[in-house]
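The residues making up each chain are set out below.
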Amino acid sequence: MIRPATPADIPRLLELGEAMHGESRLRDIAFSREKVERLLTNLAAGKGCLLVAERDGEIIGGFAGVLTPYYFSEEMMAVDLALFVSQDRRGGLAAVMLIRSFIEWAFQNGAREALLGTNFGAESKANQLYGRIGLGQVGGLFSSGVS
């Protein structure tokens, strides 16, 4: 089941966020629980999109995203901040359902498009997933810093 997150979900989402960070190429950059908690609190309060995937009453994944204007326009786009499903629950439909729920939220809230990407080190799996659910690739990310 996918549902909007509540403040009571934030401790579990922080756990998942730390796990995601630990699996990522950015794991050597300090993880600030306080900063992430502020972000999640703001998103849960309606300043963006914060979704949870539940199975058997347990939160197994989450999705965070925001609306932001195009730099050249007042029109809005929706951008993902994080998508994560706990390692022991991958391979099911949680990620697909979180993505579809985010896209639905984006268009309901006036976005012209929903942009999803990854730069945490799981690009090939994410690209395959995004393609399988009908998203088109429109660019790429390039880094000169952390690898």
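These notes cover the structure that comes with them. Keep in mind it's a predicted model, so treat the numbers as computed, not measured.

Here we look at unusual backbone geometry
The phi dihedral of Asp56 falls on the positive side, at around 55 degrees, and the residue is not glycine. With respect to the helices, strands and loops of the structure, Asp56 is situated in the loop between β2 (49–55) and β3 (58–69).

Description of the nonpolar core
Core analysis: the biggest nonpolar cluster contains 23 residues, and Phe63, Ala78, Ile99, Phe102, Ala114 and Leu116 have the highest contact counts within it. Where this core is concerned, the elements lending two or more residues are β2, β3, β4 (76–85), α3 (94–108), β5 (111–115) and α4 (123–132). Element by element, the count of residues in this core is highest for α3, at nine residues. Beyond its immediate chain neighbours, meaning those up to four positions away, Ala114 contacts Ala78, Phe102, Ile103, Ala106 and Phe107. Within the second largest apolar cluster, 14 residues are counted, among which are Leu14, Met20, Leu40 and Leu50.

So, the packing of aromatic side chains
Summed over the entire model, instances satisfying the criterion amount to four aromatic pairs. When the ring of Tyr70 is compared with that of Phe72, the centres are 5.3 Å apart and the planes differ by 40 degrees; the resulting orientation is tilted. Here Tyr70 falls in the buried class, since its relative accessible area comes to 14%. Residue Phe72 is classed as exposed on the basis of its relative accessible area, which comes to 61%. Arranged with centres 5.8 Å apart and planes meeting at 20 degrees, the rings of Phe102 and Trp105 form a pair that is stacked. Note that Phe102 and Trp105 are positioned in helix α3 at a spacing of three residues, about one turn of the helix. An identical accessibility class is assigned to Phe102 and Trp105; each is buried. In textbook terms, an aromatic cluster arises when at least three aromatic residues are bridged by ring pairs, as seen for Phe63, Phe102 and Trp105.

Brief notes about the side chain of His21
Inspection of the secondary structure assignment puts His21 in helix α1 (residues 10–23). Residues contacting His21, with those up to four places away along its chain left out, are Leu26, Arg27, Ile29, Ala30 and Phe31.

What about the pattern of salt bridges?
For the structure shown, the criterion picks out eight salt bridges. Measuring nitrogen to oxygen at the nearest pair gives 3.6 Å for the salt bridge that ties Arg12 to Glu58. In this pair, Arg12 sits in helix α1 while Glu58 sits in strand β3, placing the two residues 46 residues apart along the sequence. Between Glu75 and Arg112 there is a salt bridge, and its shortest N-O distance comes to 2.5 Å. Taken as a pair, Glu75 in the loop between β3 and β4 and Arg112 in strand β5 lie far apart in primary sequence, 37 residues in all. Residue class for Glu75 comes out partly exposed when judged on its relative accessible area of 36%. Overall, Arg112 belongs to the exposed group, its relative accessible area being 55%. When salt bridges with common partners are traced through the structure, they connect Arg12, Glu15, Glu58 and Arg89 into a single cluster.

The rules behind each value
- Residues numbered from 1 in each chain as written.
- Predicted model: local features only at pLDDT ≥ 70, side-chain atom pairs only at ≥ 80, totals over all residues.
- Heavy atoms only, no water.
- Helix = DSSP H or I, 4+ residues; strand = E, 2+ residues; numbered from the N terminus.
- Core = buried A, V, L, I, M, F, W, Y, C linked by side-chain atoms within 4.5 Å.
- Buried < 20%, exposed > 50% of the residue type's maximum accessible area, 1.4 Å probe, protein only.
- Contact = heavy atoms within 4.5 Å.
- Phe/Tyr/Trp six-rings, centres within 6.5 Å; stacked < 30°, edge-to-face > 60°.
- Salt bridge = Lys/Arg side-chain N within 4 Å of Asp/Glu carboxyl O.

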